[in-house]
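Remarks on the overall topology
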Amino acid sequence: MSDPAARDAAEEASALSHPAVAPDASAAYGDHPDQVVDFYAPRDGRTSAPLVVALHGGVWRAPYDRQHVSPFADFLARRGFAVANVEYRRGSDIPRQGGTAPVAGRWPETFDDIATALDAIPELAAAHLPSADPRRIVLTGHSAGGHLALWAAARHVLPAGSAWRLPAPPALRGVVALAPIAHFGRAVELDVCGGGVTEFLGGKGHLADRMPFADPSVLVPTGIATTVVQGRGDIVVPHAVAEAYVTAAAEAGEMVGFTLLEDVGHFPLIDPAADACAVVAEEIAQLAW
């Protein structure tokens, strides 16, 4: 398909065409309705399976929730993984002033939720997903969720005094970030997702003071194995954003794996019907086993 917009629309339609898959168990990590994790057991019945923690995308905006990646979670479960599909607080349903798009994210609640959820998951998995091995956790996320995955793996290098900072690296086998909004400066330059980054950080007046706490490209090196999977044909989050992150990591002395898939856009990475989704599963497996 030669028209990039038409291809993107077709890929999105395919990815979102799968019925939501009900979890095997759910658990709350807080009192808010969005503070919940859905668990999927490995479909082959294995025990002590690697645990994949999945963070969904959607520009940190409220209309996009974890349901749209539940088929992806099920796909991974059918590959022998235990899966935790995390929900978190996102933007308001109220359109931004002068526009039509919902406001992206909440500061600081979105980060509060990701930090709290990741800290709670080993204990929650032990109680609700006994087939999972919390010693083998791989973190993955798509688009805005890819940003959150990279951020969660970098909490130990957050600026001193941050409430989200960890005293030591999180216990992760690695991170597989899928078309992540990984370099905020480049994303702002390219106006990714209609100014989503600027909205997420609370407006232009907060970019300078909040980026050091939120931008994965300045939170390197992490010392945690990291791979980025990206479609070259992605027009939602162009591959230039991922490339800028990989370059920033290299300049900080850390090598980040970068798998650039030809003739692939934004959505096939989480579409169980797409070959790209199988590539994602293989990247996760390389870190998990």
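Above this text is the structure in question.
This section reports on the structure supplied with the text.

1. Points about the overall build of the chain
Tallying secondary structure elements over the chain gives nine helices and eight strands in all. Rg of the C-alpha trace for the chain: 17 Å, near the compact-globule value of 19 Å for 289 residues, within the 12% margin. Summarising its shape, the C-alpha atoms of the chain cover approximately 50 × 50 × 40 Å along the three principal directions. Out of the 289 residues in the chain, the part that is buried amounts to 58%. Within the chain, counting contacts between residues at least 6 apart in sequence, those at least 24 apart form 77% of the total. Roughly 11,200 Å² of accessible area belongs to the chain as shown, and the carbon and sulfur atoms make up 53% of that amount.

2. Focus: the side chain of T227
Inspection of the secondary structure puts T227 in strand β7 (residues 226–231). You can call T227 buried: its relative accessible area is 12%. Not counting chain neighbours up to four residues away, the residues in contact with T227 comprise V175, V176, A177, G257, T259 and E283.

3. Quick notes on the sheet that holds β7
Taken together, eight strands build an open sheet; the order of strands is β1-β2-β4-β3-β5-β6-β7-β8 and the sheet is mixed. The open sheet has two free edges, formed respectively by β1 (25–28) and β8 (257–261), since each of these has just one partner strand. Pairwise comparison of adjacent strand axes, ignoring direction, gives a mean angle of 20 degrees for this sheet. Summarising the sheet, strand β6 (residues 174–178) and β7 pair through four bridges and their orientation is parallel. Opposite A177, over in β7, you have V228 as the bridge partner.

Definitions and cut-offs
Residues numbered from 1 in each chain as written. Predicted model: local features only at pLDDT ≥ 70, side-chain atom pairs only at ≥ 80, totals over all residues. Heavy atoms only, no water. Helix = DSSP H or I, 4+ residues; strand = E, 2+ residues; numbered from the N terminus. Rg over C-alpha atoms; globule rule 2.2 N^0.38 Å. Buried < 20%, exposed > 50% of the residue type's maximum accessible area, 1.4 Å probe, protein only. Contact = heavy atoms within 4.5 Å. Areas by Shrake-Rupley, 256 points an atom, 1.4 Å probe, with all protein chains shown as cover. Pairing = 2+ DSSP bridges. Axes fitted to C-alpha atoms, helices over the stretch in contact; angles between N-to-C directions.

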